[in-house]
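# Coordinates in review
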Amino acid sequence: MSEPKHRIRALHTDSTVTVYQAYTPEIGLPTARDGRFPAAWKRDRMTWIKPSFLWMMYRCGWARKEGQETVLAVEITREGFEWALRNSCLSHYERGLHPDRASWQRRLKRSPARVQWDPERDLHLRPLPHRSLQLGLTGEAAERYAEEWIVAVEDVTALAHAVHDRVRDGELEAARQLLPAERPYPAGDALLAHLAG
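Quick notes on the rules
- Residues numbered from 1 in each chain as written.
- Predicted model: local features only at pLDDT ≥ 70, side-chain atom pairs only at ≥ 80, totals over all residues.
- Heavy atoms only, no water.
- Helix = DSSP H or I, 4+ residues; strand = E, 2+ residues; numbered from the N terminus.
- Contact = heavy atoms within 4.5 Å.
- Polar contact = N/O pair within 3.5 Å; in protein donor to acceptor, adjacent residues only side chain to side chain.
- Pairing = 2+ DSSP bridges.
- Axes fitted to C-alpha atoms, helices over the stretch in contact; angles between N-to-C directions.
- Buried < 20%, exposed > 50% of the residue type's maximum accessible area, 1.4 Å probe, protein only.

Mapped onto the fold, Arg183 is located in strand S9 (residues 183-184). Distance from Arg183 to Phe37, taken between C-alpha atoms, is 27 Å for residues 146 residues apart in sequence. For Arg183, the contacting residues outside a window of four places in its chain are Ile8, Arg9, Ala10 and His12. Within polar-contact distance, the side chain of Arg183 engages the backbone oxygen of His12 at 2.8 Å.

The strand order across the open sheet built from four strands is S3-S7-S6-S5, with neighbouring strands paired in mixed fashion. Each edge of the open sheet is held by one strand with a lone partner, namely strand S3 (47-49) and strand S5 (88-90). The mean inter-strand angle of the sheet, taken between neighbouring strand axes irrespective of direction, is 40°. Where helix H2 (residues 53-60) meets the sheet, it contacts strand S6 (113-121) and strand S7 (127-137), and its direction lies at approximately 90° from that of S6. Contacts between helix H4 (residues 101-110) and the sheet are confined to S5 and S6, with S5 contributing the most and set at about 140° to the helix.

Another point: the environment of Gly188. Residue placement: Gly188 occurs in the loop between S9 and helix H8 (189-192). Gly188 gets classed as partly exposed once you look at its relative accessible area, which sits at 43%. A C-alpha to C-alpha distance of 17 Å links Gly188 and Leu90, two positions 98 residues apart in sequence.

The structure is reproduced here in structure tokens:
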């Protein structure tokens, strides 16, 4: 069965969803240790969270890119995640989804969250036909994320390196066995109707 183009796939429970971010060790290590972002974390900047482990690996180069050497699995409440989706806007104008470019721009300015759908990645980090959600949080959304939604934080840098080692050695099944058990997130059509561009 082929994947729909737009679908959230994530590691999730009845009450939480796991998203990934990559930081310098100066931010990532204290965050994993304390379960919250340190004072050095910039609350006034947009922060992007990604439910796809492999898309995070593509973005951070298996935790080898400068400034992205520490990969965090951040478990947040589903309530918070869905609040962000409801209060988000697509990061680009989509004819047919938005009445016109001006109304999209107005919504984008008002929205504390934005969505991009980027190609999901395979174990070799090659693009797949279906899309992966990236959720940008700013203003109220970033504040809620940092202060209210986080349930747990885990440093998964060693996992990133372990999966990469197996891919590099051609042990794809062993690499696949290590991946987080991401499955379709039950968002429902209503939650994504304004975002499926």
